[in-house]
Amino acid sequence: EADIYQTPRYLVIGTGKKITLECSQTMGHDKMYWYQQDPGMELHLIHYSYGVNSTEKGDLSSESTVSRIRTEHFPLTLESARPSHTSQYLCASSELGGAGEQFFGPGTRLTVL
Amino acid sequence: QQQVKQSPQSLIVQKGGISIINCAYENTAFDYFPWYQQFPGKGPALLIAIRPDVSEKKEGRFTISFNKSAKQFSLHIMDSQPGDSATYFCATPPPGSARQLTFGSGTQLTVLP
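So, a few notes on the structure that sits alongside this text. Remember, predicted model here, so these are calculated numbers, not experimental data. Residue indices follow the written sequence of each chain, beginning from 1 at its first position. Chains and ligands are labelled by the order in which they are written, letters from A for the one and numbers from 1 for the other. For this predicted model, a pLDDT threshold of at least 70 governs which residues receive local features, and a threshold of 80 or more governs which side-chain atom pairs are given and counted, while totals over whole chains, interfaces and linings are taken from all residues. As a rule here, side-chain values come from all non-hydrogen atoms in the structure, and water together with hydrogens is ignored.

Here the focus is the interface of chain B and chain A. Residues count as neighbours in contact if any of their non-hydrogen atoms are within 4.5 Å of one another. Residue-level contacts link 22 residues of chain B with 24 residues of chain A. Take the accessible area each of two parts loses on contact, using a 1.4 Å probe, and add the two losses: that sum is the buried area. Carbon and sulfur atoms supply 51% of the area buried between chain B and chain A, which totals about 1,900 Å² over both sides. Take a side-chain nitrogen of Lys or Arg and a carboxyl oxygen of Asp or Glu: if they are within 4 Å of each other, that pair is a salt bridge. The interface formed by chain B and chain A holds 0 salt bridges in total. Under this definition, polar contacts are N or O atom pairs within 3.5 Å; protein pairs additionally need one hydrogen-donor-capable and one acceptor-capable atom, and for neighbouring residues in sequence, both atoms have to be side-chain atoms. Across the chain B-chain A interface, the total number found is 3 residue pairs in polar contact (both at pLDDT 80 or more).

Residues and elements named next belong to chain B. Here 5 strands make up an open sheet; going across it, the order is S1-S3-S8-S7-S6 and the pairing antiparallel. Sheet topology places strand S1 (4-7) and strand S6 (56-59) at the edges, where each strand pairs with a single neighbour. For this sheet, the mean angle separating the axes of adjacent strands, direction not counted, is 15°. Pairing between two strands is assigned when DSSP locates at least 2 bridges connecting them. Elements are defined by DSSP. Helices are runs of H or I of four residues or more, strands are runs of E of two residues or more, and each kind is numbered from the N terminus. Alignment of S6 against strand S7 (residues 62-67), held across 4 bridges, turns out to be antiparallel. Residue pairing across strands places lysine 57 opposite isoleucine 64, the latter belonging to S7. Angles here are taken between N-to-C directions and fall from 0 to 180 degrees, while the axes themselves are lines fitted to C-alpha atoms, restricted in helices to the stretch in contact.

Let's shift gears to a nonpolar patch on the surface. All names here are of chain B. A cluster of nonpolar residues, Ile18, Ile20 and Met78, forms a patch on the protein surface that exposes about 240 Å² of accessible area. With respect to the helices and strands, methionine 78 occurs in the loop between strand S8 (72-77) and strand S9 (86-92). Judged by its relative accessible area of 35%, methionine 78 is partly exposed. Here, patches come from residues exposed beyond 30% relative accessible area and free of salt bridges, joined within 9 Å for like charges and within 5 Å for nonpolar side chains (Val, Leu, Ile, Met, Phe, Trp, Tyr). For the accessible areas, the method is Shrake-Rupley and the probe is 1.4 Å, while residue cover comes only from the protein chains on display. Accessibility here uses a 1.4 Å probe with only protein chains present; expressed as a share of the type maximum, an area under 20% marks a residue as buried, one over 50% as exposed, and anything in between as partly exposed.

As a further point, take the environment of threonine 92 of chain B. Tracing the backbone shows threonine 92 of chain B in strand S9. When the C-alpha atoms of threonine 92 of chain B and tyrosine 32 of chain B are compared, they prove to be 6.3 Å apart, with 60 residues separating the residues in sequence.

With that out of the way, let us pick up the state of the cysteines. Disulfides are defined as pairs of cysteine sulfur atoms found within 2.5 Å of each other. All chains considered together, the criterion is met by 2 disulfides over all chains. At a sulfur-sulfur separation of 1.9 Å, the disulfide partner of cysteine 23 of chain A is cysteine 91 of chain A. Taking the sign of the torsion about the S-S bond as the criterion, the disulfide between cysteine 23 of chain A and cysteine 91 of chain A, at about -75°, is left-handed. Note that cysteine 23 of chain A is positioned in strand S3 (residues 19-25) and cysteine 91 of chain A in strand S9 (residues 87-94), a separation of 68 residues in sequence. Taking relative accessible area as the criterion, cysteine 23 of chain A reaches 0% and is therefore assigned buried. A relative accessible area of 0% places cysteine 91 of chain A in the buried class. The side chain of cysteine 23 of chain B participates in a disulfide bridge whose partner is cysteine 90 of chain B; the two sulfur atoms lie 1.6 Å from each other. The disulfide joining cysteine 23 of chain B to cysteine 90 of chain B has a torsion of about -70° about its S-S bond and is therefore left-handed. Here cysteine 23 of chain B, found in strand S3 (residues 19-25), pairs with cysteine 90 of chain B, found in strand S9; they are 67 residues apart in sequence, far enough to count as distant. Across this residue pair, the class does not change: cysteine 23 of chain B and cysteine 90 of chain B are buried.

Let us look at the pairing of strand S4 (residues 31-37) of chain A. Residues in a regular strand project their side chains so that they alternate between the two faces of the sheet. Residues and elements named next belong to chain A. Where burial is concerned, most of S4 is hidden: 7 out of the 7 residues are buried. Burial along S4 is two-sided: Lys31, Tyr33, Tyr35 and Gln37 and Met32, Trp34 and Gln36, pointing in opposite directions, are all buried. As paired strands, S4 and S9 are joined by 7 bridges and run antiparallel to one another. Note that in S9 the partner of lysine 31 across the bridge is serine 94. Both S4 and strand S5 (residues 44-51) contribute to a ladder of 5 bridges, which runs antiparallel. Counterpart to tyrosine 33 in the pairing with S5 is tyrosine 48.

Structure, rendered in structure tokens:
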């Protein structure tokens, strides 16, 4: 089983709140990713990182921000949550070379009221 | 941006039947074609992948068939079981970058007992 963790698993918050979704991996992977996914639907890449101090925006525009201060940690932050942010957020990691296997975390199901 | 077209969107199969899911891509920077399997409430996990120095790869009941000239690859699930009910995603690296994956839109497979 992949050693990639996400917390919290479920989060229900009110509009306007600041939230941080945590993602950590113990595999020493340089590459990490954040995807947004409605249940059972398409995966949309919103952020990725190739290593410490590297962050890039993905294909889907997102109001969230990310940081990569440590190799194992890739948190995602929403400064002011809105109902349109309601979704599942999946974190993944992979080795640096090539387009190899991505290991996914269990996801955080976010509901903004 | 890389287009990966996956079909069908949903598939219902009787237990013991064959499930077939197809993907077509435009261009790719890297010859690596994985299929991911996602159960409800979980993150996707790599199921099987092919590097097309071969046209087919089989692992148990799961087979990838690859047609490089047609830019298509498919997943075949033989003797489908209710436990195979999940969402399946194909993926391929986009042109210009071998360092991330573009996922298909997903196929929700239901295997009836």
